[in-house]
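Here is what each chain is made of, one letter per residue.
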Amino acid sequence: QVQLVESGGGLVQPGGSLRLSCAASGSIFSINAMGWYRQAPGKQRELVATFLISGGSTIYADSVKGRFTISRDNAKNTVYLQMNNLKPVDTAVYYCNCRTGWLPTNDFWGQGTQVTVSS
């Protein structure tokens with residue numbers, strides 16, 4: 001019941017920056033958390049960062065702490081991922097995630113956006 005549209009991926013040199021955006025629509029009032037996951041070739045999907053709507057707390061993967069920042073704009077129903085000092089190991093498809101409800105919760109996913117860090 002939630003639709004997610006991602007944008008902002010692309011090709012960047014090591015040390016560069018990108019900002020990913022994820023716009024939510026549909027049953028947005030039931031959203032509990034929004035965040036970002038990524039999947040590199042040959043690897044499992046992994047958590048990058050999450051934003052808990054109630055309380056505004058965040059969780060970051062150790063590999064991106066100090067370089068990535070997650071934020072949201074309530075008026076635009078959009079979550080952002082600012083990525084600075086990008087490294088080749090950050091190369092992956094990045095997926096926006098939205099969690100709704102509880103007991104049980106439901107997860108919705110964006111279409112994915114490619115981030116490539118290379119010289």
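To start, this report covers the structure provided alongside it. A quick note: this is a predicted structure, and the numbers were derived from the prediction, not measured.

### Some details on the nonpolar core
- Ranked by size, the top nonpolar core spans 28 residues in total, and within it Met34, Trp36, Leu81, Met83 and Tyr94 carry the most contacts.
- Counting only elements with at least two residues in this core, the list comes to strand S1 (2-7), strand S3 (18-26), strand S4 (31-39), strand S5 (46-52), strand S7 (68-73), strand S8 (78-83), strand S9 (92-100) and strand S11 (113-117).

### Quick notes on the environment of Gln82
- Examined against the element boundaries, Gln82 turns out to sit in strand S8.
- Here the alpha-carbon distance between Gln82 and Ser17, two residues 65 residues apart in the chain, equals 7.5 Å.
- What Gln82 contacts, discounting residues up to four positions off in sequence, is Ser17, Leu18, Arg19, Arg67, Phe68 and Thr69.
- Within the structure, Gln82 has its side chain in polar contact with the side chain of Arg19 (distance 2.9 Å).
- Of the polar contacts made by the side chain of Gln82, one reaches the side chain of Asn84; its length is 3.0 Å.

### Regarding the pattern of salt bridges
- Applying the stated criterion across every chain yields a total of five salt bridges.
- Glu46 is paired through a salt bridge with Arg38; the nearest N and O atoms lie 2.8 Å apart.
- Accessibility expressed as a relative area gives 36% for Glu46, which makes it partly exposed.
- Residues Arg99 and Asp107 are paired through a salt bridge, measuring 3.0 Å at the closest nitrogen-oxygen approach.

### Quick word on the sheet that holds S3
- With antiparallel pairing, the four strands of this open sheet are ordered in space as S1-S3-S8-S7. Looking at strand neighbours, the two that pair on one side only are S1 and S7, the edges of this open sheet. When strand polarity is set aside, the average angle formed by the axes of neighbouring strands in this sheet is 20°.

### A look at the packing of aromatic side chains
- Here the structure, examined in full by the defined rule, presents one aromatic pair.
- The residue whose ring lies beneath Arg19 is Tyr80, and the NZ or CZ to ring-centre distance is 5.5 Å.
- Over the face of the ring belonging to Tyr37 we find Arg45, whose NZ or CZ atom lies 5.9 Å from the ring centre.

### What about the state of the cysteines?
- All chains considered together, the criterion is met by one disulfide.
- Cys22 shares a disulfide with Cys96; S-S distance 2.1 Å. Given an S-S torsion of about -85°, the disulfide between Cys22 and Cys96 has left-handed geometry. Taken together, the residues span a long stretch of sequence, with Cys22 in strand S3 and Cys96 in strand S9 at a distance of 74 residues. Cys96 carries the same exposure label as Cys22, and that label is buried.
- With no disulfide of its own, Cys98 lies closest to Cys96 among cysteine sulfurs, the gap being 7.2 Å.

What counts, and where the lines are drawn
- Residues numbered from 1 in each chain as written.
- Predicted model: local features only at pLDDT ≥ 70, side-chain atom pairs only at ≥ 80, totals over all residues.
- Heavy atoms only, no water.
- Core = buried A, V, L, I, M, F, W, Y, C linked by side-chain atoms within 4.5 Å.
- Buried < 20%, exposed > 50% of the residue type's maximum accessible area, 1.4 Å probe, protein only.
- Helix = DSSP H or I, 4+ residues; strand = E, 2+ residues; numbered from the N terminus.
- Contact = heavy atoms within 4.5 Å.
- Polar contact = N/O pair within 3.5 Å; in protein donor to acceptor, adjacent residues only side chain to side chain.
- Salt bridge = Lys/Arg side-chain N within 4 Å of Asp/Glu carboxyl O.
- Pairing = 2+ DSSP bridges.
- Axes fitted to C-alpha atoms, helices over the stretch in contact; angles between N-to-C directions.
- Phe/Tyr/Trp six-rings, centres within 6.5 Å; stacked < 30°, edge-to-face > 60°.
- Lys NZ or Arg CZ within 6 Å of the ring centre and 35° of its normal.
- Disulfide = S-S within 2.5 Å.

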